[in-house]
Amino acid sequence: MSLFSMSDLRDAARGLWRTPTISISAILCLGLGLGATTAISSAIDRAMLQAPPFGAPDRLVTVYRTTPQFNTGPFSAPNYVDLARQSKQLSALAAVSYATSLLTLPGDATRINVLQVTGNLFPMLGVRAQYGRLLTPGDDARDQNKVAVLSDELWHQRFGGDPAIVGHTIQVDGDKVTVVGIAPREFRIPRGGQVLRAELWTPLRFSDRQLGQRRSNFLPTLARLAPGATVASAQAEMNRLFAGLVATYADLRGEGIHVVPMMTDANAGIRTPLLLVFGAVFMVLLIAATDVASLLLARGVHRRRETAIRTALGGNRWAVMRPVLLESMLLATAGVVLGLVLAWLGVRTIGTLAAQRLPQLAGLRVDLRVIAFALALALIVAVACGAVPAWRSTGVDPQEALRDGRGGGMGRGQHRALGALVVAEVGLSLILMVGAGLVLKGFSKLVQNDPGFDPAPVLTFEATVSPQIYPGNTAAVTRFVDPALTAIAQLPGIAGAAAIQLIPYDSWGWNSNMRYEGQSNDNPTQLPLVENRIITPGFFGVTRQRLISGRLLRESDDERTASPFVVVVNQALVKRDFHGRDPIGARFYTGDTTFGTIVGVVSDIRNVGPFAPPAAEMYATYRQSGNGFASFPIMVRVRNGDPMSVLPAIRSAVRRIDPAAAITRVNTMNDVIALSVGRPRFYLTLLATFAVVAVLLAVAGLYGVMSYAVAQRTRELGIRNALGSSGSRILRLVARQGMTLVAGGVILGLVGAAALTRLLSGLLYGVSPLDPVTWIAACVLLIAAGLIATIIPSIRATRVDPLTAMRRE
């Protein structure tokens, strides 16, 4: 026997139709709460709960090198080879290396991101190619032909998704490379809260030079546990093996090793923010639920007469409760439909916002499991919101209810229940407002950090050339970069142009230990770190950094074989290392017996981004760096106007120097800075949105309760008017009732917000969790909103006509 018949359903639908305002309001509140919760649940499920599409992903681990300064470092080639060969607890240890290359197609050339990987990577992960094959250990040998695996994205963008490309050759950095396969769609490797992904995958073949450099650390590594091994046993073995390396090679002293489960490592840095956002949206759902409960409770008072008749006719408790519960279920069903539509829109919006900020959300969608979660939530809300009114309806005294022509008014119990719901709504809203306000203020401080130069007139782009055309360490600099920069600087409206290996705010860079002349090398990891910046001498003219002392780098600072190695350092390094002493002329080791010399000091800029103070930095020229380059980030300062307006002329100037050069990653410097704070902006946007929604729901709930309270007191207010009570007195009487509820909610919210702020430390930048301005502003705004929601029904109360009120009774 079913709990509800078709007749019950029809009666419930008619009942809801008779009160369209309450019904529509409840559906909107419930749909909004469920939609927001479902969208964020989809994001959390995608980023944190879904395992990557690898074979037995719970057996995969990330392996890090540790030092006293950090614990997420890469490895050198010889250390990786030794660990991979000796480990028994790891069935495979794979390494990757970042690179950029020039992909040359008929009539076109473009820069692509490349991951060079050891041949055991794909077999270790347990993935299969869409077409062809993936890389294997046999591809690592130096005498093998050059092969590559295309990403799904590059395959579709540049080769039209044609499977026939497998087995054919493409031109990469001037070399012919055979395409052996297409990587799985959305293939990516989680690491440290980021993802490793590329457009091309090639074998990692170590050179003799790389295998001889123990402290040249450039290899992120990941591994698979051997059968029977655990993370703890792998950690113990890695500690023992690395200790043996340290004992053999003294310059590794102070370093260590750290093994982390891949699933744990994948969520590093995103778990807390996403859970806080989920907490925020869950508060929105609670507020929406209390709104629905308030509306249903208020509606239940209107139904006292109907309930009394059912009871007087002998209806049992279930017969009395059933219509109320059924109406709640119908409201929940409609709310779910609306919520799923809003969730779909929300998922699309979140996916767009997170495209460049949280790659873990790639492929975000609302799947069946999340839909089931939404249905379960709706059922819980429907039962919770409908059970109280339904239960209270069974306690109606038939004689008392039928004695009143309108079915009775709101008793003390109903008043207390509605008041408690409003207090809860206001309290939850204040918690969200304080949290969002603190994060917003911290973010404002973050983006207002002085970058150390004026970014507005600066354009950035990357020029990539073929190393086959420019062989050697400095050929690309002398034959391409220098002429290209000269040509760009001569264009109308250009104030200067320069190359830097890493665009400020765009990359964290690479660092090394700074050992000054006379310092001991007993423990290299105890030496201070310095960020290395490779530039052309015109860089300081583009950034307009001030020369503090000494001189800047010059064009005459040629290769190390022709000129002494010289560098310019920033104020942060001088402050840290020299303590008031003059750094000009100070020498530091660049090898066991060779030295570099500090020749100048410049003002600080935030090369490493806005999250930390300016780092200690050392600037050297491309020609003296001793490395070969094929990709050159370039910064151009314009005299006035939009930096993008000079891009066509710059393209023409570069192409005149090398028609095959690829110009990519074009951005204004302001856009680069904005992208660098994209992740906190993403979290802030969600928190702020949910805080606004929460306040609107709370105000709507307060307005609804106060409007209903005024309607219930029509007779009383009419009598007060008839007896000569002034409009202002009635206004104060009704408004005081509403503001008492707001005050109770504010007190509750302050207590809850004090507990919440302990969890916000990871999202606050230079702001105290107890920042008084934020707390006071949130309280004032919420009280003002509550006052507006109370005043409107209160004004209506002053206009009650005594005759009309008595006639209605």
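Criteria and thresholds
Residues numbered from 1 in each chain as written. Predicted model: local features only at pLDDT ≥ 70, side-chain atom pairs only at ≥ 80, totals over all residues. Heavy atoms only, no water. Helix = DSSP H or I, 4+ residues; strand = E, 2+ residues; numbered from the N terminus. Contact = heavy atoms within 4.5 Å. Areas by Shrake-Rupley, 256 points an atom, 1.4 Å probe, with all protein chains shown as cover. Pairing = 2+ DSSP bridges. Axes fitted to C-alpha atoms, helices over the stretch in contact; angles between N-to-C directions. Phe/Tyr/Trp six-rings, centres within 6.5 Å; stacked < 30°, edge-to-face > 60°. Buried < 20%, exposed > 50% of the residue type's maximum accessible area, 1.4 Å probe, protein only. Lys NZ or Arg CZ within 6 Å of the ring centre and 35° of its normal. Polar contact = N/O pair within 3.5 Å; in protein donor to acceptor, adjacent residues only side chain to side chain. Left-handed = near helix turned anticlockwise from the far one by under 90°.

Student: Could you give an account of the overall build of the chain, with specific residues and numbers?
Tutor: Within the chain, the secondary structure is distributed over 25 helices and 25 strands. Residue pairs in contact within the chain that sit at least 24 positions apart in sequence constitute 81% of those at least 6 positions apart. Total accessible area computed for the chain in this model is approximately 35,400 Å², and 58% of it derives from carbon and sulfur atoms.

Student: Can you explain the sheet that holds strand E16 (residues 494–499)? Please cite residues and give values.
Tutor: A sheet is described by the order of its strands in space; here four strands give the open sequence E16-E24-E15-E25, paired in antiparallel fashion. Lying at the two open borders of the sheet, with one neighbouring strand each, are E16 and strand E25 (662–668). Averaged over all pairs of adjacent strands, the angle between strand axes in this sheet comes to 20°, irrespective of strand direction. Pairing between E16 and strand E24 (residues 631–638): five bridges, direction antiparallel. The residue of E24 that forms the bridge with Gly496 is Arg637.

Student: Any details on the packing of aromatic side chains? Residues and values, ideally.
Tutor: Note on aromatic pairs: each is described by the distance of the centres and the angle between the planes. This model, assessed by the stated rule, comprises 18 aromatic pairs. Where Tyr470 meets Phe480, the ring centres are 6.1 Å apart and the plane angle is 50°; that geometry is what we call tilted. Here Tyr470 is found in the loop between strand E15 (458–464) and helix H15 (475–489), whereas its partner Phe480 is found in helix H15, with ten residues between them in sequence. Phe480 matches Tyr470 in its accessibility class, with the two residues each being buried. On the numbers, 5.8 Å between centres and 70° between planes, the contact of Phe539 with Phe540 is edge-to-face. Members of the aromatic cluster, connected to one another through ring pairs, are Tyr470, Phe480, Tyr622, Phe629 and Phe632. Across the ring face of Tyr589, the terminal group of Arg515 is positioned such that the distance to the ring centre comes to 3.9 Å.

Student: Which residues make up the pairing of strand E23 (residues 617–621), and what values do they have?
Tutor: Residues in a regular strand project their side chains so that they alternate between the two faces of the sheet. Of all five residues making up E23, five are buried, and the element is well covered by its neighbours. Side chains of E23 alternate between two faces, with Glu617, Tyr619 and Thr621 and Met618 and Ala620 buried alike. Relative to E23, strand E18 (residues 529–535) runs parallel, the two being bridged by five bridges. Considered in E23, the bridge of Ile534 is made with Ala620. Judged from the two bridges that link them, strand E20 (residues 566–570) and E23 form a sheet pairing that is antiparallel. Pairing of Val568 across the sheet is with Tyr619, part of E23.

Student: Talk me through the side chain of Asp557; I want residue IDs and the actual numbers.
Tutor: Inspection of the secondary structure puts Asp557 in the loop between strand E19 (547–550) and E20. Reaching out from Asp557, the side chain makes a polar contact with the side chain of Arg551 at a distance of 3.2 Å. Excluding its chain neighbours within four sequence positions, the residues that come into contact with Asp557 are Arg551, Val566, Thr621, Arg623 and Gln624.

Student: Quick rundown of the packing of H15 against helix H19 (residues 647–657)? Include the residues and the values.
Tutor: A pair of packed helices is characterised by two quantities: the angle between their axes and the separation of those axes. Where H15 meets H19, the closest approach of the two axes is 9 Å, and the angle between their N-to-C directions is 145°. Between H15 and H19 lies a crossing of right-handed hand. Judged by residue contacts, Arg479, Phe480, Pro483, Ala484, Ala487 and Ile488 of H15 engage Ile650, Ala653, Val654 and Ile657 from H19.

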